[in-house]
Amino acid sequence: EAKGRGRNTFHFFDQAMNNRALRRLDIAVALRHAIAQDQLELYYQPKVDTRSGAIVGAEALVRWRRPGEGIIPPGDFIPQAEESDLIVAVGEWVMRRACAQVLSWRQQGFGDIPVAVNLSPRHFQRERDIDRIIALVEEAGIPPSLIEIEVTESTVMRDPDLAIALLWRLRDHGFGIAIDDFGSGYSNLSYLRRLPIRTLKIDRAFVADIDQGKDGAEIVRAIIAMANALGLGLVAEGVETEAQLRFLRDADCAVAQGYYFSRPLPVAEFEPLLRPSEPPVFAARPILARPL
Ligand code: C2E
Ligand code: MG
Ligand code: MG
Ligand code: MG
């Protein structure tokens, strides 16, 4: 009886694994097709000045509009794409589209809106993949300083020397570099000095803890103090409440991003936020409407 169940269990796992492998293959094939067919889309989430409520930039976040299945969030296909070079193709598509958008906003008179683009660790395993990023931004004709490349700490883990060299190459071409989800991974603070970082993005898990009476507030304060001491820019991710925003502003975190201001939006919904406005677009949020 126990033996029989064991065999069935084994058989069950065997089949589940098979299905998973097939599903992965299926996603990889479909995603390759999606890139060719332009089924990917970029959504934009504003980055907001915590004192004025003005939009200071946007993060480009990829979505997959799959015919018959609707919008697929990145968490459902980026991990699969990261298992192969497919993620490099996704990164190039995203960068090309983001550059075209920056150019379009310029031409429409919205001015220069800095856009952040996420690149996966695999993009930093071959020189030529980063050289292609540099080349395609140059071809697009926008200043690389308007593109901020977001990488997580894991990007530096596998082959630190190569990754650090390639980050410097990007920086030397004028790109901004941000560390995404800062504090969530295995942080090696000694790398921080070796990296050409412009901005730290505080992981939203810490931001979520700010008003939970845990150590979250103290950790956030420490990250802000460190960034300010090192002359790094700061963005708090995942800001959802007025209390979080008040804390961050009072603790001298200059920029915030999160549902409190806006979810990531399709470009048609994001663009109206860029219209010049006085007071600034998010100034009416309760905490910002009150003087300091
Ligand atoms: P990320 O780069 O850390 O992006 C922030 C994620 O947090 C986004 O999820 C965003 O929608 C979500 N978020 C923003 N504000 C809030 C908030 O107030 N509360 C909560 N709960 N969540 C918030 P999204 O768009 O689903 O992206 C998830 C992850 O997928 C990204 O995390 C990034 O790691 C990856 N990703 C997205 N686009 C790309 C891309 O173009 N290339 C690569 N390589 N990865 C991407
Ligand atoms: Mg990001
Ligand atoms: Mg993040
Ligand atoms: Mg992330």
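The rules behind these values
Residues numbered from 1 in each chain as written. Chains lettered and ligands numbered in written order. Predicted model: local features only at pLDDT ≥ 70, side-chain atom pairs only at ≥ 80, totals over all residues. Heavy atoms only, no water. Phe/Tyr/Trp six-rings, centres within 6.5 Å; stacked < 30°, edge-to-face > 60°. Helix = DSSP H or I, 4+ residues; strand = E, 2+ residues; numbered from the N terminus. Buried < 20%, exposed > 50% of the residue type's maximum accessible area, 1.4 Å probe, protein only. Lys NZ or Arg CZ within 6 Å of the ring centre and 35° of its normal. Pairing = 2+ DSSP bridges. Donors = N, O, S within 2.8 Å, 3.2 Å for Na, K, Ca; no water. Contact = heavy atoms within 4.5 Å. Salt bridge = Lys/Arg side-chain N within 4 Å of Asp/Glu carboxyl O. Near = heavy atom within 4 Å. Polar contact = N/O pair within 3.5 Å; in protein donor to acceptor, adjacent residues only side chain to side chain. Areas by Shrake-Rupley, 256 points an atom, 1.4 Å probe, with all protein chains shown as cover. Nonpolar A, V, L, I, M, F, W, Y, C, P; charged D, E, K, R; others polar. Expected span 1.5 Å × (residues − 1).

### Let's talk about the packing of aromatic side chains
Then, number 1: With the rule as written, the count across this model stands at 6 aromatic pairs.
Then, number 2: Consider the rings of W64 and F77, whose centres lie 5.4 Å apart with planes at 80 degrees: the pair is edge-to-face. Taken together, the residues span a long stretch of sequence, with W64 in strand 2 (residues 55–66) and F77 in the loop between strand 3 (70–72) and helix 2 (78–81) at a distance of 13 residues. Pair check on accessibility: W64 and F77 agree, each one buried.
Then, number 3: Grouped by ring-pair contacts, the aromatic residues Y44, W105 and F270 constitute a single cluster.
Then, number 4: A cation over a ring is seen here: R63 above Y43, with NZ or CZ 5.2 Å from the ring centre.
Then, number 5: It is R263 that lies over the ring of Y259; its NZ or CZ is 3.9 Å from the centre.

### A closer look at the pairing of strand 8 (residues 233–236)
Successive residues of a regular strand alternate their side chains across the two faces of the sheet.
Then, number 1: As paired elements, strand 7 (residues 199–202) and strand 8 share 4 bridges and run parallel to each other. Across the sheet, residue T199 finds its bridge partner in strand 8, namely G233.
Then, number 2: Where strand 8 meets strand 9 (residues 255–256), 2 bridges bridge the pair, whose relative direction is parallel. Across the sheet, the residue bridging to A236 is A256, located in strand 9.

### So, the coordination of the magnesium ion (ligand 2)
Then, number 1: Coordination sphere of the magnesium ion (ligand 2), protein contribution only: E59 (OE), N118 (OD1), E150 (OE) and D180 (OD), at 2.0 to 2.3 Å.
Then, number 2: Going along the chain, you hit the donors of the magnesium ion (ligand 2) in the pattern E-x58-N-x31-E-x29-D.
Then, number 3: Separating the magnesium ion (ligand 2) and the magnesium ion (ligand 3) is a distance of 3.9 Å, and D180 donates to both of them. Residue E150 is located in strand 5 (residues 147–152), and its partner D180 is located in strand 6 (residues 176–182); the two are separated by 30 residues in the primary sequence.
Then, number 4: With a relative accessible area of 7%, D180 lands in the buried category.

### Side note on the side chain of Q39
Then, number 1: Here Q39 shows up in the loop between helix 1 (2–36) and strand 1 (40–49).
Then, number 2: Not counting the four nearest positions on each side in its chain, Q39 is found in contact with H33, A34, R63, W64, R65, R66 and P67.

### Side note on the pattern of salt bridges
Then, number 1: Throughout the structure, instances matching the rule amount to 20 salt bridges.
Then, number 2: The salt bridge partner of R66 is E69, with a shortest N-O separation of 3.6 Å.
Then, number 3: For R66, a relative accessible area of 14% puts it in the buried group.
Then, number 4: One continuous salt-bridge network, built from bridges that share partners, spans K47, E59, E150, K201 and E237.

### Side note on the site of ligand 1
Then, number 1: Near ligand 1, the surroundings consist of 20 residues, among which R63, S120, D180, E240 and Y259 are the closest.
Then, number 2: In this structure, an oxygen atom belonging to ligand 1 sits 3.0 Å away from a side-chain N or O atom of D181.
Then, number 3: Considering ligand 1 on its own, with 800 Å² of exposed area, one finds that the protein chains cover 82% of that surface.
Then, number 4: Mapped onto the shell around ligand 1, the elements with two or more residues apiece are strand 2 and strand 6.
Then, number 5: Here the shell around ligand 1 is composed, by residue class, of 7 nonpolar, 5 polar and 8 charged.

### Remarks on helix 5 (residues 160–172)
Then, number 1: The terminal C-alpha atoms of helix 5, which comprises 13 residues, lie 18 Å apart, in line with the 18 Å expected from a rise of 1.5 Å per residue.
Then, number 2: Summarising the contacts, the buried residues of helix 5 are in contact with helix 4 (127–140), strand 5, strand 6 and helix 6 (189–194).
Then, number 3: Looking at the residues trailing helix 5, positive phi occurs at G174, about 105 degrees.

### Things to note about the side chain of R66
Then, number 1: Residue placement: R66 occurs in strand 2.
Then, number 2: Those residues in contact with R66 that lie beyond four places of it in its chain are D26, A30, Q39 and I72.

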